[in-house]
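The residues making up each chain are set out below.
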Amino acid sequence: MSPPLSARLTVDTAALVRNWRVFRDAGGAAECGAAIKADGYGLGAAEAALALVAAGCRDLFVAHWAEAAALPTLPGDVRVAVLHGACADEMPAALASRAVPVLVSPAQVRAWRETGRACDVMVDTGLNRLGLSADDALSGLLDGLQIDTLHSHLACAEDATHPLNQTQRARFATLAKQIPARRCSLANSGGVGLGADFHFDLTRIGIGLYGGGVAPDGTRLSAVARISARVLQLRDVPAGDSVGYGATFVARRPTRLAVVALGYADGYARSLSNSGSARIGGSVAPVAGRVAMDLTAFDITDAPPVAEGDWLDIEFDLAATARAAGRSEYELLTGLGHRYARIYR
Ligand SMILES: *Cc1c(COP(=O)(O)O)cnc(C)c1O
């Protein structure tokens, strides 16, 4: 047995599947694919893949070939697509893989065309990140390429009123008519709620699966990740004493602290200093002072009793924690680090 860890990440795979069904149902006739890049947004790509595939998901997206190679064996009808495409020195790995590249540049297209194999293609419609320009895509470059899925990616999907959404949709629809592909795919999590004309044949859902953002109808999604950490020491601080590095918290009254084995090395952002919290029973215990690398103190003066060795539930509501930390929900999840005992249920 490996030595115990003092922080726990609990991943509710049933909640993950519930969230996937919300997007699948909202996407109408479109198939519902899952982005499990960056180790399933920090929560475990293998576990996410197995749960989603068991629920009926047949399209998985990773960013790197190494991420595709690290997945467990999946049923033969599951498609894994690599969003970065295949660079020249990745061709051997790509050809040895069951996954397919999402080709993103003219050079990638020219190299892949030689293989005669099927692929996906990304076209840029306004994000100006990866993807072929419309001119390149319509230049004859794609002639003879066997395209399974034609993709584009939205820049502002989480802002339904942003005019770039309709611009990108219109550009993509025009390209989709002219480029032969089995399927077309535009919407990420935020894109599904923009309306049926954003759904095309396949959606690529990421953050929403893991409980971030909102459901397509604006309601809340199920929380997937919970974190808890062990209380290493209780300490009573007299009024006027400071707490932690930089002495940024000064006790206004006799204060009881729980010093917990969780820090910014665990993705508990330093910007949660004096702004994060833990939940003890029904009460809230705010962070007192700076979050350090391995340790954070919580003010439990008004909370029900806690003992050394207890596990504290750390507030990790994604929207609230992102706000408190000044980070995106994506950063909170993908930054969680490697010191958690990971529990899947
Ligand atoms: C990461 C990613 C997604 C998933 O986006 P979410 O906003 O997390 O739903 C979809 N498509 C592409 C191309 C991506 O890179």
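All of these numbers come straight from a predicted model, not from anything done at the bench.

1. Some details on the site of the ligand
With respect to spatial proximity, 14 residues lie near the ligand, and among them Lys37, Tyr41, Ser189, Ile207 and Tyr330 are the closest. Here an oxygen atom of the ligand and a side-chain polar atom of serine 189 are 2.5 Å apart. Isoleucine 207 is positioned such that a nitrogen or oxygen atom in its backbone is 2.8 Å from an oxygen atom of the ligand. Contact with the protein chains removes 92% of the 390 Å² of surface that the ligand exposes when unbound. Looking at the shell around the ligand, the elements with two or more residues in it are α2 (37-41) and β9 (202-205). Among the residues making up the shell around the ligand, the classes are represented as seven nonpolar, four polar and three charged.

2. Notes on unusual backbone geometry
Backbone geometry places tyrosine 41, a non-glycine residue, at a positive phi of 50°. Checked against the element boundaries, tyrosine 41 lands in helix α2. At asparagine 128, a position not held by glycine, the phi torsion is positive, near 55°. By secondary structure assignment, the location of asparagine 128 is in the loop between β6 (118-122) and α7 (134-137). Classification of asparagine 128 as exposed rests on a relative accessible area of 68%.

3. A look at the pairing of strand β15 (residues 283-286)
Because side chains alternate across β15, one face comprises the buried residues Ser283 and Ala285, and the other comprises Val284 and Pro286, none of which is buried. Where strand β14 (residues 277-280) meets β15, four bridges bridge the pair, whose relative direction is antiparallel. In the strand pairing of β15, alanine 278 is matched with alanine 285.

4. Details of the environment of threonine 255
Relative to the helices and strands, threonine 255 resides in strand β13 (residues 255-260). Using a relative accessible area of 3% as the deciding quantity, one classes threonine 255 as buried. Linking threonine 255 and aspartate 302, residues 47 residues apart in sequence, is a C-alpha distance of 9.0 Å. Setting aside residues up to four positions removed in sequence, threonine 255 forms contacts with Arg235, Asp236, Val237, Asp299 and Thr301.

5. Overview of the domain arrangement of the protein chain
For the protein chain, the assigned domains read domain 1 (13-210) and domain 2 (225-344). Inter-centroid distance (C-alpha atoms) of domain 1 to domain 2 is 37 Å. With ten residues of domain 1 at the contact, the number on the domain 2 side is nine residues. Both sides together, the interface formed by domain 1 and domain 2 hides about 860 Å², and carbon and sulfur atoms give 66% of it. Of all residues in domain 1, the largest losses of buried area upon contact with domain 2 belong to Tyr41, Leu43 and Ile207, amounting jointly to 54% of the total for that side. Taken together, the connections running from domain 1 to domain 2 amount to zero salt bridges. Seen at the junction of domain 1 and domain 2, the total is two residue pairs in polar contact (both at pLDDT 80 or more). In terms of residue count, α2 provides more of the side of domain 1 that touches domain 2 than any other element does, three residues in total. Taken together, the residues that form the side of domain 1 that touches domain 2 break down as five nonpolar, three polar and two charged.

Procedures and definitions
Residues numbered from 1 in each chain as written. Predicted model: local features only at pLDDT ≥ 70, side-chain atom pairs only at ≥ 80, totals over all residues. Heavy atoms only, no water. Near = heavy atom within 4 Å. Polar contact = N/O pair within 3.5 Å; in protein donor to acceptor, adjacent residues only side chain to side chain. Areas by Shrake-Rupley, 256 points an atom, 1.4 Å probe, with all protein chains shown as cover. Helix = DSSP H or I, 4+ residues; strand = E, 2+ residues; numbered from the N terminus. Nonpolar A, V, L, I, M, F, W, Y, C, P; charged D, E, K, R; others polar. Buried < 20%, exposed > 50% of the residue type's maximum accessible area, 1.4 Å probe, protein only. Pairing = 2+ DSSP bridges. Contact = heavy atoms within 4.5 Å. Domains from an automatic or database assignment. Buried area = accessible area lost by both parts, 1.4 Å probe. Salt bridge = Lys/Arg side-chain N within 4 Å of Asp/Glu carboxyl O.

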